[in-house]
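Working through the structure, step by step
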Amino acid sequence: MKKIGRFLGRALLLFAVTVLAAAVTLVLSLNMICNGPSEAARELFVTTVLESGQLKFVASLFLSEEEITEIVSRTSMAQMDTDIDTSLISVDHTDREQKEETQGERVANYDENGVEIIEISSRSFYAKLMIVEDPAQVRLATTYPWGEYGKQLSELVTGSGAAGGVNGGLYQSTGNMGGSPLGVVVSQGEIQYNAPEGWKGLYLIGFDEDNILQIIDIEGQTKAGMKELIAERKIRDAVSFQDETSDANNHFTPLVINGVARELNGQGSGANPRTAIGQRADGSVLLLVTDGRGAAGHLGATASDLINIMMEYGAVNAANLDGGSSSCMYYDGEYEMTSVTLYYANSSWRLPTAFVVEGR
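Residues numbered from 1 in each chain as written. Predicted model: local features only at pLDDT ≥ 70, side-chain atom pairs only at ≥ 80, totals over all residues. Heavy atoms only, no water.

Before going further, it helps to examine the overall build of the protein chain. Per the secondary structure count, the protein chain includes 8 helices and 19 strands. In the protein chain, buried positions account for 52% of the 360 residues. When the accessible surface of the protein chain is totalled, it reaches about 16700 Å², and 52% of it is carbon and sulfur. (Helix = DSSP H or I, 4+ residues; strand = E, 2+ residues; numbered from the N terminus. Buried < 20%, exposed > 50% of the residue type's maximum accessible area, 1.4 Å probe, protein only. Areas by Shrake-Rupley, 256 points an atom, 1.4 Å probe, with all protein chains shown as cover.)

Structural data, given as structure tokens:
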């Protein structure tokens, strides 16, 4: 028994020393990033952790409030005119064969659902882009009436009879309960959640009855005002996300408006897993999900990365959606992109909303 006790004691001591050494190494490394000679590394670190739900405090352990504010201001984004010019989008319902005949080339490698999934690799992230030929196929699935817990993306997709989808807008993610959205939620023309008050930089992102992607600044709106706006603009499916850059928060929403890319200072943001939505001139929808936060050794995508991808693939309008551990894509019975959290590597966090793609 004494030998066993000594062995366990030594094992515990070795474990404690290992953990302590790792913690000291981590602290020293973070201090080097924050106070070392590389301004680029410091800016990327600060803007990245400010976008996370649980790690915002880390930056303040090594830098003053004034230093953080200065860094954030150097990686900010220009404001955008969010009035969508709907004349730039022509939802073409001509069947695929006629498109190919008139254009003389294959439009895209769509499957039987009118969907194509493209892999995109970069030094700091890996992504998949789902292109949906018909925007009428993209709608919002929700867990309404809201409960304590949300559902995994696979459940939202299959439960709504869809073929695939990506995570949606703002929601209460504490403890991975995911039962309650935030801001405003519209599904099939019905307002299912309406609490826009008190949110700085709040946007409504989704589709109107003409299947045009709308990106609408709703900061300062009231519940009554939202009802009028949704009725007037004929919004059929939409969620909310936030555009606020400060030392307390670092979210961004508009990426491309009317074919014009958002102007950035530096990379415009930190690097994290991302989910974004866009629409091309022919109405086809772009659903983008990237990895990050150490997944496959990747840090993640910046605002600049998202804009470059959306512009490359022809987005006329595009917006950032909720990201981080929530970012995920599901299609045809399997996860194309999954949560970065270890326990959810083959699933997703619980969500209250998701943009889903109906099959044909």
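There's plenty left to go through after this.
The subject of this paragraph is the pattern of salt bridges. Summed over the entire model, instances satisfying the criterion amount to 5 salt bridges. Residue Arg236 pairs with Asp237 through a salt bridge whose shortest N-O separation is 2.8 Å. In this structure, the salt-bridge partner of Arg262 is Asp243, at a minimum N-O distance of 2.7 Å. Linking Arg262 in the loop between strand S13 (260-261) and strand S14 (275-280) with Asp243 in the loop between strand S9 (235-242) and strand S10 (244-245), this pair joins segments that are 19 residues apart in sequence. The exposure class assigned to Arg262 is buried, which follows from its relative accessible area of 6%. Residue class for Asp243 comes out buried when judged on its relative accessible area of 10%. (Salt bridge = Lys/Arg side-chain N within 4 Å of Asp/Glu carboxyl O.)

Taken together, the 5 strands give an open sheet; going across it, the order is S3-S19-S4-S17-S18, and neighbouring strands pair in antiparallel fashion. Looking along the sheet, the strands with just one partner apiece sit at the ends: strand S3 (138-142) and strand S18 (334-337). Strand-to-strand twist in this sheet, taken as the mean axis angle between neighbours without regard to direction, amounts to 30 degrees. (Pairing = 2+ DSSP bridges. Axes fitted to C-alpha atoms, helices over the stretch in contact; angles between N-to-C directions.)

Before going further, it helps to spend a moment on the side chain of Ser325. Mapping Ser325 onto the fold places it in the loop between strand S16 (315-320) and strand S17 (329-331). Residues within four places of Ser325 in sequence aside, it is in contact with Arg293, Ser339, Val340, Thr341 and Trp349. (Contact = heavy atoms within 4.5 Å.)

Tracing the backbone through its elements, the reader meets Glu244 in strand S10. Separated by 42 residues in sequence, Glu244 and Leu202 place their C-alpha atoms 8.3 Å apart.

All right, on to the pairing of S14 then. Of all 6 residues in S14, 6 are buried, a share of seventy percent or more. Burial along S14 is two-sided: the residues Thr275, Ile277 and Gln279 and Ala276, Gly278 and Arg280 are all buried. Pairing of S14 with strand S15 (residues 285-290), which is carried by 5 bridges, proceeds in the antiparallel orientation. Across the sheet, Ile277 pairs through a bridge with Leu287, a residue of S15. Hairpin connection of S14 to S15: 4 residues between the antiparallel strands, including Gly283 at a positive phi of 95 degrees.

Here the focus is the sheet that holds S13. As summarised here, the arrangement of the 7 strands in space is S1-S2-S15-S14-S16-S12-S13, forming an open sheet in which the pairing is antiparallel. A single partner strand is all that each edge strand has here, and the edge strands are strand S1 (115-121) and S13. By the bridge criterion, 7 bridges tie S1 to strand S2 (residues 126-132) in an arrangement that is antiparallel. Of the residues in S2, the one forming a bridge with Ile118 is Leu129.

On to the packing of aromatic side chains, then. Counting across every chain of the model gives 4 aromatic pairs. Consider the rings of Tyr330 and Tyr335, whose centres lie 5.0 Å apart with planes at 70 degrees: the pair is edge-to-face. In terms of burial, Tyr330 and Tyr335 fall into one category: buried. Aromatic rings pair up to connect Tyr144, Trp146 and Tyr193 into one cluster. (Phe/Tyr/Trp six-rings, centres within 6.5 Å; stacked < 30°, edge-to-face > 60°.)

What follows is about helix H7 (residues 223-233). Buried within H7 we find Gly225, Met226, Leu229 and Ile230. All buried residues of H7 fall inside an arc of 130 degrees around its axis, so they share one side. Structural note: H7 exposes Lys227, Glu228, Ala231 and Glu232 on the side pointing more than 90 degrees away from its buried face. In this structure, the buried residues of H7 make contact with strand S5 (183-187), strand S6 (190-195), strand S7 (202-208), strand S8 (213-217) and S9. Where H7 terminates, the next one or two residues include Lys234, which has phi positive at roughly 55 degrees. (Arc of directions from axis to C-beta.)

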